Amino acid sequence: QVHLVESGGGSVQPGASLRLSCAISGRTLGTFAMGWFRQAPGKERELVAATSWRWGSTYVADVVKGRFTIAGDNAKNTVYLQMNSLKPEDTAIYSCAIDVHNPAISYRDSSYDYWGQGTQVTVSS
């Protein structure tokens, strides 16, 4: 059985950094594509970063490029989203998800099979 558990969210001031973690059980890193999504109140869920270890490809959305990075730790079977220079518009619930059927990155949330519970990130002065 596959489980994803996020952690690392919180309330910070603009300009601060946070690192979100997604601990994955039931699947080994390198066997799936993985994405970090976010959803702000009243807005649609959007993909902010994704990676496909099999294809060696990474995606970062333009709105966070240069500030967010995605990385994995094989030993811990955990994927991280490092978020720097946070802005109020980054406020959202962040969720990790994996696509076990398609090793390439998918930009559609409907392609992802397993999701974590989400973690709140609030950026406010």
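If you're wondering where the values come from, they're calculated on a predicted model, not measured in any experiment.

**Q** Can you break down the sheet that holds strand β7 (residues 68-73) residue by residue, with the values?
**A** Strand order in this open sheet of four strands is β1-β3-β8-β7, and the pairing throughout is antiparallel. The open sheet has two free edges, formed respectively by β1 (3-7) and β7, since each of these has just one partner strand. Adjacent strand axes in the sheet meet at a mean angle of 15° when their direction is disregarded. Sheet topology places β1 next to strand β3 (residues 18-25); five bridges connect them, and they run antiparallel. What sits directly across from L4, in β3, is I24.

**Q** Give a detailed account of the side chain of T119, specifying residues and quantitative values.
**A** Here T119 shows up in strand β11 (residues 119-123). Of the residues examined, T119 reaches a relative accessible area of 11% and is grouped as buried. Separated by 3.3 Å, the side chain of T119 and the backbone nitrogen of G9 make a polar contact. Not counting the four nearest positions on each side in its chain, T119 is found in contact with E6, G8, G9, L20, A92, I93 and Y94.

**Q** Which residues make up the nonpolar core, and what are the values?
**A** In terms of nonpolar packing, the biggest core is built from 30 residues, with I24, M34, W36, L81, M83, Y94 and I98 touching the most fellow members. Secondary structure elements with two or more residues in this core: β3, β4 (33-39), β5 (46-52), β7, β8 (78-83), β9 (92-99) and β11. Judged by nonpolar contacts, the second largest core, of six residues, contains L47, A97, I105 and Y112.

**Q** Can you tell me about the pairing of β5, naming the residues and giving the values?
**A** Most of β5 sits out of view: six of its seven residues are buried. Sheet analysis places β4 next to β5, joined by six bridges and oriented antiparallel. Paired with G35 across the two strands is A50, which belongs to β5. As consecutive antiparallel partners, β4 and β5 are separated by six residues, and within that stretch G42 has a phi angle of approximately 75°, a positive value. Examined bridge by bridge, β5 and strand β6 (residues 57-60) share four bridges and lie antiparallel to one another. What sits directly across from A50, in β6, is Y59. Connecting β5 to the antiparallel partner β6 that follows it, the hairpin turn spans four residues, and G56 within it adopts a positive phi of roughly 65°.

What counts as what
Chains are numbered independently. Their residues run from 1 in the order of the written sequence. Where local features are concerned, this predicted model is filtered to residues with pLDDT of at least 70; where side-chain atom pairs are given and counted, the filter is 80 or more; whole-chain, interface and lining totals use all residues. Water and hydrogen atoms were dropped before computing side-chain values, which therefore reflect all heavy atoms in the structure. By the convention used here, strands pair only if DSSP detects at least 2 bridges between them. By the criteria applied, helices consist of DSSP H or I runs no shorter than four residues and strands consist of E runs no shorter than two, each listed in order from the N terminus. Axis angles are defined between N-to-C directions and span 0 to 180 degrees, where every axis is a line fitted to C-alpha atoms and, for a helix, only to the segment in contact. Only protein chains enter the area calculation, which uses a 1.4 Å probe; residues under 20% of their type maximum are buried, those over 50% are exposed, and those in between are partly exposed. Throughout this description, a polar contact denotes any pair of N or O atoms lying within 3.5 Å of each other; where both atoms belong to protein, one of them has to be capable of donating a hydrogen while the other can accept it, and for residues adjacent in sequence the pair is counted only when both atoms sit in side chains. Only heavy atoms enter the contact rule, under which two residues are in contact if any of them lie within 4.5 Å. Among buried residues, the Ala, Val, Leu, Ile, Met, Phe, Trp, Tyr and Cys ones that are joined through side-chain atoms within 4.5 Å form a nonpolar core.

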